[in-house]
Amino acid sequence: MAPYLSIVIPVFNEEANIANLWQRLSAVLAEHFHDPGRPWEVIFTDDGSRDGSLALLQDLAQREPRICVVEFNRNYGQHAAIFGAFAVTRGQVIVTMDADLQNPPEEIPKLVARIEEGFDVVGGWRQGRMDNDSLFRTLPSKIVNMVTRKTTGVQLHDYGCMLRAYRREIVDAMLQCKERSSFIPALANSFAKRITEVPVEHAERAAGDSKYGFWKLINLQFDLLTSFSLLPLQMLSVLGVIVSATGIGFGIILLVYRMLHPEGTVQGVFTLFAILFFFVGAQFLAFGLLGEYIGRIYQEVRDRPRYVVKKLHKTDE
Ligand code: UDP
Ligand code: MG
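Report follows, based on the coordinates. (Residues numbered from 1 in each chain as written. Chains lettered and ligands numbered in written order. Predicted model: local features only at pLDDT ≥ 70, side-chain atom pairs only at ≥ 80, totals over all residues. Heavy atoms only, no water.)

## Concerning the side chain of Gln78
To keep things clear, this is the line we draw: Here a helix means four or more residues in a row that DSSP labels H or I, a strand means two or more in a row labelled E, and each is numbered from the N terminus. Residue contacts follow a heavy-atom distance rule, with two residues in contact if any of their heavy atoms lie within 4.5 Å.
Mapped onto the fold, Gln78 is located in helix 3 (residues 78–86). Beyond its immediate chain neighbours, meaning those up to four positions away, Gln78 contacts Pro10, Asp47, Asp98, Met162 and Tyr212.

## Side note on the coordination of the magnesium ion (ligand 2)
How we decide: For Na, K and Ca the donor cut-off is 3.2 Å; for every other metal, N, O and S atoms count as donors within 2.8 Å. Water does not enter the count, which can leave sites looking incomplete. Only protein chains enter the accessibility calculation, which uses a 1.4 Å probe. A residue is then buried if its area is under 20% of the maximum for its type, exposed if over 50%, and partly exposed in between.
Protein ligation of the magnesium ion (ligand 2) involves Asp100 (OD) and Gln102 (OE1), the donor distances falling in the range 1.9 Å. Like Gln102, Asp100 is buried.

## Overview of the pattern of salt bridges
The line we're drawing: What counts as a salt bridge is simple: a side-chain nitrogen of Lys or Arg found within 4 Å of a carboxyl oxygen of Asp or Glu.
Applying the stated criterion to the full structure yields 16 salt bridges. Put simply, Arg114 and Glu117 hold a salt bridge, and the shortest N to O gap is 3.0 Å. Between Arg126 and Asp158 there is a salt bridge; the shortest N-O distance is 2.8 Å. Taken together, the positions of Arg126 in strand 5 (residues 121–126) and Asp158 in the loop between helix 6 (135–152) and strand 6 (164–167) put the pair 32 residues apart, joining distant regions of the chain. The pair formed by Arg126 and Asp158 is uniform in burial state, with each residue classed as buried.

## Some thoughts on the side chain of Arg296
Positionally, Arg296 belongs in helix 11 (residues 269–302). With residues up to four places along the chain from it excluded, the contact list for Arg296 reads Ser181, Asn219, Phe222, Asp223 and Thr226.

Honestly, that's just the spatial picture; any functional story needs more than this.
Dropping the structure here:
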């Protein structure tokens, strides 16, 4: 019988968390999804882990036929890993979560219940995040959330929380998106009609380090900005108009000044320099932005696969 609920978990060097995660997750599944009308499956993606994660996952898959492990041939990033798992899910309701136990599995029934109420996408909204994560990690997320709210126009509190539930149609729509760089929560919202959030607990990372360094976060932010909006490009034109208007106004002022004081010597050279530097800086910023979009267009037209699956580990039911 095809599963009703699919749990999707990307794994990258999480050997210290897997046993614990499975223990808690299987307890939740056994308690809430035991009735035969709602069978479940769990899809792990091994995103090129270099530790013992893959061996642990394979072992789980051998013991539990409802577990499937998608093995990537290298590390492609969290969102690619989730896509890799999405591609093999069969459930009507799909729940994504992190492997580091920051998303408590005990919240899953709550998310599923909201989907059953008729929502297309249910996002987790992490409570007490500030106590558990460092400022260095929460500040960039705050900026990500703000920019996402502005660019996607959907008012959610927490885009970064990966404890989320989706209806089958939404996942199917996302699977049809071929772009390489993507941010799943924002992508899902662009296909969903009814979106809601539920407060979820947010724990400290159980073991290991965050897999997001500074550059990975910057990259994610650029993904978001350029994949979901043309706003930065439009801002460029606005900036251009403002700059030229200022320039023209300036010229007029200088001309009038010249006519009123024909004998006046050159003044304000430094002011002019300051203004010049400002404009030059603005131009470089603009070029950088254009380059970012062009670079991304280049990546898309090459149309390389988002990830390569090395092997699917699954015991037959
Ligand atoms: N992850 C992944 N590939 C990566 C980075 C992360 O599959 O390249 C997984 C990781 O194993 C975890 C989830 O994505 O299950 C979230 O990562 P992490 O906890 O490091 O992110 P943070 O909580 O710091 O946002
Ligand atoms: Mg984490």
